[in-house]
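Here's the letter readout for the chains.
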Amino acid sequence: TMAATNQTSLQPSSLLLLGVEGLEHLHSWLSIPFCLMYLAALLGNVLLLFTIATQRSLHQPMYLFLAMLAVADLVLSSSTVPKALGIFWSFSRGMSFHACLTQMFFIHVSFIAESTILLAMAFDRYLAICHPLRYAAVLTHLLVAKLGLAAIVRGFCVMLPTIFLLRRLPYCGHSVMPHTYCEHMGIARLACADISLNVWYGLATTLLSPGLDVVLIGVSYTLILRAVFRLSSKDAQLKAVGTCSSHACVMVMFYSPAFFSFFTHQFGRHVPHHVHILLANLYVVLPPMLNPIVYTLKNRAIREKVSQVLFRTGQ
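Conventions used here
- Along each chain, residues carry numbers from 1 onward, in the same order as the chain's sequence is written.
- Where local features are concerned, this predicted model is filtered to residues with pLDDT of at least 70; where side-chain atom pairs are given and counted, the filter is 80 or more; whole-chain, interface and lining totals use all residues.
- Side-chain metrics rest on all non-hydrogen atoms present in the structure, leaving aside hydrogens and water.
- UniProt positions are given in the numbering used here, feature names are shortened, and annotations may be inferred rather than shown by experiment.
- Only DSSP runs of H or I with at least four residues qualify as helices, and only runs of E with at least two residues qualify as strands; both kinds are numbered from the N terminus onward.
- Under the scheme applied here, a residue whose accessible area is under 20% of the maximum for its type counts as buried, over 50% as exposed, and between as partly exposed, the area being computed with a 1.4 Å probe on protein chains only.
- Simply put, an axis is a line fit to the C-alpha atoms, just over the touching stretch for a helix, and the angle between two N-to-C directions goes from 0 to 180 degrees.
- Reported orientations rely on four angle classes, namely roughly parallel under 35 degrees, roughly antiparallel over 145, roughly perpendicular from 65 to 115, and oblique for the rest.
- Residue contacts are defined here by distance: any two heavy atoms, one from each residue, within 4.5 Å place the two residues in contact.
- The nonpolar class holds Ala, Val, Leu, Ile, Met, Phe, Trp, Tyr, Cys and Pro. Asp, Glu, Lys and Arg form the charged class, and all remaining residues, Gly among them, are polar.

The name given to the chain in an unreviewed UniProt entry is Olfactory receptor, and the organism recorded there is Zapornia atra. Quoted verbatim from the Sequence similarities (unreviewed entry) field of UniProt, the annotation for the chain is "Belongs to the G-protein coupled receptor 1 family." Entered under Function (unreviewed entry) in the UniProt record, the comment concerning the chain runs "Odorant receptor."

Given below as structure tokens:
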């Protein structure tokens, strides 16, 4: 019992999140774009999910992956933005330590799941363009379901150890976090002990999950573009490049701020703190807002079905 009491006393019962330190006077102004982006993300992803679920013609691998991406986007943004808005509006800055760990777990699991889904989408495009005759035989509904499950299981397996890595640390009463949400290294930096195990684990998992995904996605798009430029038809080339460009936009929006945030935590001593926090907030709300827009604008089938759904609901 003594050991248990000692262990709990080492952890803060609650944490105080400061938001964007140094820009407190701008919190109410910052809340406006974040609130609007979050509402757009909710609306866009729910509409996309509803359209894919209700339109039988969209029950194909490409659109099913898109539906999974929408779910991951909703979890990623909803795990963070409501709390960030509470901090910006100064009515909810406190958070229990266990709630903080739970939030961190959901943020990182949904991020890894989304990265896995983006890799699956790149594989889908590779098969569709480079091996069209084998596409239907390989990408069955069962394989799509297994890939969706693998995305969740992978995120869960990667992030579960971080909870134990953070719970074992002593915090010596440190309970003030200069951030709008809880992330692994942000919590670890509050500890008053050696956190090198957390640093190495964070670095290894980043390089071996999203990092590896980026490399494999790059390989698949290189193969796609190589196959495309062998086509004689200019129209076919333009269509394939158009499809790849929308995916490339999504990748850049998703990975750039996320990797910047992660590597700043690890090595970026000279990056201004408010720049780091603002970018960390962007990566949890910007891709969820833009993904439905990019895919709807770039895909005629979705564009038509979304307008049908909106037209019907409008009547």
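Draft legend 1. The arrangement of the environment of K234 in detail. Here K234 is to be found in helix 11 (residues 234-267). Relative accessible area serves as the criterion here: at 59%, K234 is assigned to the exposed category. Residues K234 and L69 lie 165 residues apart in sequence; the distance between their C-alpha atoms is 31 Å.

Draft legend 2. Structural context of the packing of helix 9 (residues 196-208) against helix 10 (residues 210-228). Where helix 9 meets helix 10, the closest approach of the two axes is 2 Å, and the angle between their N-to-C directions is 20°. When the axis of helix 9 is compared with that of helix 10, the two are roughly parallel. Packed against helix 9, whose contacting residues are T205, T206, L207 and L208, the element helix 10 presents P210, G211 and L212 at the interface. A breakdown of the residues in the contact of helix 9 with helix 10 according to their chemical character gives four nonpolar, three polar and no charged.

Draft legend 3. Fine view of the UniProt feature "transmembrane region" (unreviewed entry) in the chain. Mapped onto this numbering, the UniProt entry annotates "transmembrane region" (unreviewed entry) at residues 26-50, 62-81, 101-123, 135-166, 207-229, 241-263 and 275-297. Span residues 26-50 is 96% helix and 0% strand, its end C-alpha atoms 36 Å apart. Along residues 62-81 one finds 90% helix and 0% strand; the C-alpha atoms at either end are 28 Å apart.

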